Amino acid sequence: MKYVLSSWKMYPTVDQAHESFEAIQAGLHERAERGDVLPRVILCPPFLSLVPFASLVDRHLLALGAQNCHWEAEGPYTGEISARMLEGLVEYVLVGHSERRAAGETDEQVAKKVAAVAQHGLTPVLLVGEDDPGEDAILRSEEQLRQGLSGIDVGSQEVLVIYEPNWAIGTEETAPTSHVRRAVVHLKDVLADMGATEPTILYGGSVNDDNVDELAGLDVLDGVGAGRASLDAGQFLRLIDQVAEAM
Ligand code: PGA
């Protein structure tokens, strides 16, 4: 596994985020000093914290990501943040999280956002995942993948995909590893078919320091994404340790 991504969603205040950030960065620094080989850690705090974090971050240890963006570079879009505004602050932008799709974001908007992120020299992190684990689960994720990436050339543009079955987000358990393996293998085939030379897929949905071991053992998976388990610095560092051990 190469990546551990965290999204703090709409949880921490600016002060809480700052405290967690300092603890995570100090923990990673300690581990790097003692020679641990670490995964690439990507932190996606609320927008408000991106400006201070961008000047505090040690980019050898941590990368920053935004949780969303608008597809237009600028304009009369009250309350929105464009990919252009994120240039120089972050390296990654999450697009298409199921919580945003549930609030009305369409596949077409997701595709425009992915294209805007790429156009501004940042790496899109596309989230795909079905609502329930039924028969056509994988096909729905495939459809989101194909549509989400329809505005970029995956042969030349780096993109990370997070497979997050919605039924496993915010619960107590991840999706079964057999299901994750099947979905990831399928989505990687689709990415390769679309021209990706190194299809990269992470899993998200109730990942924590107790269950990450099992996922880290899945050779098809390139990383994990954590929500709640990344809010507490100690727990998140333990999760990173387990991934590092399995690398
Ligand atoms: P969770 O969130 O780890 O709290 O389930 C995951 C996500 O929504 O990315």
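These remarks concern the structure in this document.

Calculation notes
Residues numbered from 1 in each chain as written. Predicted model: local features only at pLDDT ≥ 70, side-chain atom pairs only at ≥ 80, totals over all residues. Heavy atoms only, no water. Helix = DSSP H or I, 4+ residues; strand = E, 2+ residues; numbered from the N terminus. Rg over C-alpha atoms; globule rule 2.2 N^0.38 Å. Contact = heavy atoms within 4.5 Å. Areas by Shrake-Rupley, 256 points an atom, 1.4 Å probe, with all protein chains shown as cover. Lys, Arg positive; Asp, Glu negative; His and termini not counted. Charge placed at Lys NZ, Arg CZ, Asp CG, Glu CD. Buried < 20%, exposed > 50% of the residue type's maximum accessible area, 1.4 Å probe, protein only. Pairing = 2+ DSSP bridges. Axes fitted to C-alpha atoms, helices over the stretch in contact; angles between N-to-C directions.

Here we take up the overall build of the chain. Scanning the chain from N- to C-terminus turns up nine helices and eight strands. Taking 18 Å as the expected radius of gyration for a compact globule of 247 residues, we find that the chain reaches 17 Å, a close match to that expectation. Along the first, second and third principal axes, the C-alpha set of the chain runs to 45 × 45 × 30 Å. Considering only contacts within the chain whose residues lie at least 6 apart along the sequence, 71% involve residues at least 24 apart. As displayed, the chain offers around 11200 Å² of accessible surface, 48% of which is attributable to carbon and sulfur atoms. Within the chain, the 40 negative side-chain charges are centred at a point lying 2 Å from the centre of the 18 positive side-chain charges.

On to the environment of V14, then. Residue position: V14 is located in helix α1 (residues 14–33). V14 sits in the partly exposed class, given a relative accessible area of 39%. Sequence separation between V14 and K113 is 99 residues, and the spatial gap between their C-alpha atoms is 26 Å. What V14 contacts, discounting residues up to four positions off in sequence, is L48 and S49.

Turning to the sheet that holds strand β6 (residues 160–163), a few remarks are in order. Here we have eight strands rolled up into a closed barrel, ordered β1-β2-β3-β4-β5-β6-β7-β8, and parallel in their pairing. Geometrically, the sheet is characterised by an average inter-axis angle of 25° between neighbouring strands, direction not taken into account. Judged from the three bridges that link them, strand β7 (residues 201–204) and strand β8 (residues 223–226) form a sheet pairing that is parallel. What sits directly across from Y203, in β8, is V224. In this fold helix α7 (residues 177–193) packs onto β5 (123–128), β6 and β7, with an angle of close to 145° to the strand it touches most, β7.

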